[in-house]
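Inside the fold
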Amino acid sequence: MWRVDDDFRSAALAAAELVADYLDGLPGRPVWEPMDPAARSALLDLELPEEGADFAALLKTVEERVMPHPMGNGSPRFFGWVNSAPQPAGVLAALAASAMNPSSAGGDHADVHLERAVVRWIAELVGFPHPAGGGLLTSGTSMATIVCLAAARNRAARTAGWDVRADGLAGMPPLVGYVTGEAHSCVRKAAELLGLGSRHLRVVPTDADGHLVVDGLRRAVAEDRAAGRLPFLVVASAGTVGTGAVDPFGPIADLAAAEGLWFHVDGAYGAFGVLDEEIRHRYAGMDRADSLALDPHKWLGVPVDCGCALVRDADELRGTFSLVPSYLRDDAAGDLGWFSEYGTEQTRPFRSLKVWASIAHRGRAGVARDVAHCAAQARRLGGWVDADADLELLAPVETSIVAFRYRPAGVDEETAQRINARLPVAVQLRGRVFVTGAVYRGTELLRACLLNASTTDADLRLLLDEVKSAGAELLAGARTSN
Ligand SMILES: Cc1ncc(COP(=O)(O)O)c(C=O)c1O
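A brief look at the structure comes next. (Residues numbered from 1 in each chain as written. Predicted model: local features only at pLDDT ≥ 70, side-chain atom pairs only at ≥ 80, totals over all residues. Heavy atoms only, no water.)

A word on the overall build of the protein
A tally of helices and strands in the protein yields 15 helices and 11 strands. For the protein, whose C-alpha radius of gyration is 24 Å, the value lies close to the compact-globule estimate of 23 Å for 482 residues. By its C-alpha atoms, the protein is 70 × 65 × 45 Å across when sized along the principal axes. Looking at the 482 residues of the protein, the share that counts as buried comes to 50%. For the protein, the accessible surface area stands at approximately 21,700 Å², while carbon and sulfur atoms represent 54% of it. Counting 47 positive and 62 negative side-chain charges, the protein places the averaged centre of each group 4 Å from the other. (Helix = DSSP H or I, 4+ residues; strand = E, 2+ residues; numbered from the N terminus. Rg over C-alpha atoms; globule rule 2.2 N^0.38 Å. Buried < 20%, exposed > 50% of the residue type's maximum accessible area, 1.4 Å probe, protein only. Areas by Shrake-Rupley, 256 points an atom, 1.4 Å probe, with all protein chains shown as cover. Lys, Arg positive; Asp, Glu negative; His and termini not counted. Charge placed at Lys NZ, Arg CZ, Asp CG, Glu CD.)

Here we look at the sheet that holds strand 10 (residues 436-440)
If you walk across this open sheet you meet the 4 strands as 8-9-11-10, and the pairing is antiparallel. The sheet is open, and its two edges are formed by strand 8 (391-393) and strand 10, each paired on a single side. Within the sheet, the average angular offset between the axes of one strand and its neighbour, ignoring direction, is 40°. As paired strands, strand 9 (residues 401-406) and strand 11 (residues 443-449) are joined by 4 bridges and run antiparallel to one another. Of the residues in strand 11, the one forming a bridge with Ala403 is Arg447. (Pairing = 2+ DSSP bridges. Axes fitted to C-alpha atoms, helices over the stretch in contact; angles between N-to-C directions.)

Here we look at the site of the ligand
The local shell around the ligand holds 14 residues, among which Thr141, Ser142, Asp266, Asp295 and His297 are the closest. For the ligand, an oxygen atom lies 3.0 Å from a polar atom in the backbone of Thr141. With the chains in place, 83% of the 390 Å² that the ligand exposes on its own is no longer accessible. Within the shell around the ligand, the residues separate by chemical class into 5 nonpolar, 6 polar and 3 charged. (Near = heavy atom within 4 Å. Polar contact = N/O pair within 3.5 Å; in protein donor to acceptor, adjacent residues only side chain to side chain. Nonpolar A, V, L, I, M, F, W, Y, C, P; charged D, E, K, R; others polar.)

A few points about the pattern of salt bridges
Scanning the model with the defined rule gives 29 salt bridges in all. Residue Glu259 pairs with Arg225 through a salt bridge whose shortest N-O separation is 2.9 Å. In this pair, Glu259 is assigned in helix 10 (residues 249-259) and Arg225 in helix 9 (residues 214-226), connecting sequence segments 34 residues apart. With relative accessibility at 25%, the residue Glu259 sits in the partly exposed group. Look at Arg225 and you get partly exposed, because its relative accessible area is 36%. For Arg362, the salt bridge identified is with Asp370, shortest N-O distance 2.8 Å. Taken together, the shared-partner salt bridges connect Glu115, Asp305, Glu345, Arg348 and Arg351 into one network. (Salt bridge = Lys/Arg side-chain N within 4 Å of Asp/Glu carboxyl O.)

What to know about the packing of helix 4 (residues 88-100) against helix 12 (residues 352-360)
Closest axis-to-axis distance for the helix 4/helix 12 pair is 8 Å, and the angle between their directions is 150°. The angle between helix 4 and helix 12 falls in the class roughly antiparallel. When the axes of helix 4 and helix 12 are compared, the crossing they make is right-handed. Mapping the contact onto sequence places Ala89, Gly90, Ala93, Ala96 and Ala97 in helix 4 and Leu353, Lys354, Ala357 and Ser358 in helix 12. Taken together, the residues of the contact of helix 4 with helix 12 break down into 6 nonpolar, 2 polar and 1 charged. (Parallel < 35°, antiparallel > 145°, perpendicular 65-115°, else oblique. Left-handed = near helix turned anticlockwise from the far one by under 90°. Contact = heavy atoms within 4.5 Å.)

Considerations on the packing of aromatic side chains
Going through the model one piece at a time under the given rule, you end up with 7 aromatic pairs. Between the aromatic rings of Trp32 and Phe434, the centroid separation amounts to 6.0 Å while the plane-to-plane angle is 85°, which identifies the pairing as edge-to-face. Taken as a pair, Trp32 in the loop between helix 1 (6-25) and helix 2 (37-44) and Phe434 in the loop between helix 14 (413-430) and strand 10 lie far apart in primary sequence, 402 residues in all. Both rings, one in Trp81 and one in Phe434, keep their centres 5.3 Å apart while their planes meet at 50°; by these two values the pair is tilted. With Trp81 in the loop between helix 3 (55-66) and helix 4 and Phe434 in the loop between helix 14 and strand 10, this residue pair connects regions lying 353 residues apart in the sequence. Residue Phe434 is classed as buried on the basis of its relative accessible area, which comes to 3%. Connected via pairs of aromatic rings, a cluster forms that spans Trp32, Phe78, Trp81 and Phe434. When the ring centre of Phe339 is taken as origin, the NZ or CZ atom of Arg116, which lies over that ring, is 4.1 Å away. A cation over an aromatic ring shows up here: Arg461 above the ring of Trp384, its NZ or CZ 3.5 Å from the ring centre. (Phe/Tyr/Trp six-rings, centres within 6.5 Å; stacked < 30°, edge-to-face > 60°. Lys NZ or Arg CZ within 6 Å of the ring centre and 35° of its normal.)

Looking at the sheet that holds strand 2 (residues 175-180)
Read from one edge of the open sheet, 7 strands run 1-7-6-5-4-2-3, paired in mixed fashion. Either end of the sheet is taken by a strand with one partner, and the two such strands are strand 1 (135-138) and strand 3 (201-204). Adjacent strand axes in the sheet meet at a mean angle of 20° when their direction is disregarded. Two elements, strand 5 (residues 262-267) and strand 6 (residues 291-294), share 4 bridges in a ladder whose sense is parallel. Across the sheet, Asp266 pairs through a bridge with Ala293, a residue of strand 6. Along the sheet, helix 6 (residues 141-159) contacts strand 1, strand 2, strand 4 (230-237), strand 5, strand 6 and strand 7 (307-311); its crossing angle with strand 5, the most-contacted strand, is approximately 175°. Contacts from helix 8 (residues 185-193) reach strand 2, strand 3, strand 4 and strand 5 within the one sheet, and its direction differs from that of strand 3 by about 155°.

Such coordinate-based values are descriptive only and should not be taken to indicate function.
Structural data, given as structure tokens:
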């Protein structure tokens, strides 16, 4: 049997140096570079080795072939999608967690109890009610959404006199859910997987800034009831992925209560924004939701993967997922049973240690400071965009996403669309900042998502300089090819 020996110890120390150097060097290197064909094929075409290699050789491969080619999200000048830099404390914790390597399905071991604590911490951070057992860590919000919407579906079916676990949905009147056009695609994916049918996920209107319009929701519910369908769910956003808009939770909660709808909030990206005093008011009523899905691996910087599902009623989760085959009976599990009774995974990774470390290293105050820093910088960036004659701010900055486009005077709409569609990649290829795009209400835009508390004002200035410079090049190219 293998035992820890000097080789392992020296390789572990070297790995720690390698990782520290890597993190240290991020601000000074290109944010992202395309991989050259040789570097790509050195990975793609790796041959299955017949004989093993020692730790030092493995580390050399990691150092030379893997770590020089990051996605870019560790850099303070990465503004793409919703991917954060890892909290260094979380990086350290991940090593210890993999050394212990438990299955956090349940039982009486440290990881299980720590998960109960950090789920409670997450609920406390965002001000969500937390009954014992009312949540668990998941791979991300896509999975947390499936977990929450499964509970919503089962409650609705039960209320209609249906046992969906035994009988499925066949024969039931359609259950109808309501989303806005700004909802993340994971909501539709969950609805499809749960057999609800994307056709029965109705898109309700939004106002000019992308918020759910409650009167539109009320009308849609009335129409569906009149047609014999069963309205059961409304999904609101605590920060849409496109522009960071936060839906009006209070009025949605009122309507959901009056109509008996399960009120779910997608807080994947933005729920932790509630920690910022300046924007906290936008989140009033989020605590009235039946469920909240959110991602510690986004704004909290917990190393991927880590999502979280929080629910108001723990019994709804357990009633949806609990199956305890005889080989898993465990008297030591306690009243709450196993985590695997509350979600889809049986063997579950030790995610809680990196969550604990990422929060405990900064404390609540430090986490709140980091969140507020990003939101304040986003507002500043939005102000600069607004004041720049070559740029156009396309949505109010409500959280830490700035949605804008390059549009100097005299550029017609069609050209602006063409240029802005190509602009994100043009900026990325220059390697100095990284930003991604989206289409919002038919308009091609760039969306800068700020999640890194070490991003400086100079980084933000560089972002705008790069966008304008790459935009001018594209525009010149468009003019010469016309
Ligand atoms: C608003 C929103 N919801 C859901 C998701 C999906 O989360 P995950 O990628 O963790 O599954 C994302 C991902 O960016 C998101 O921004």
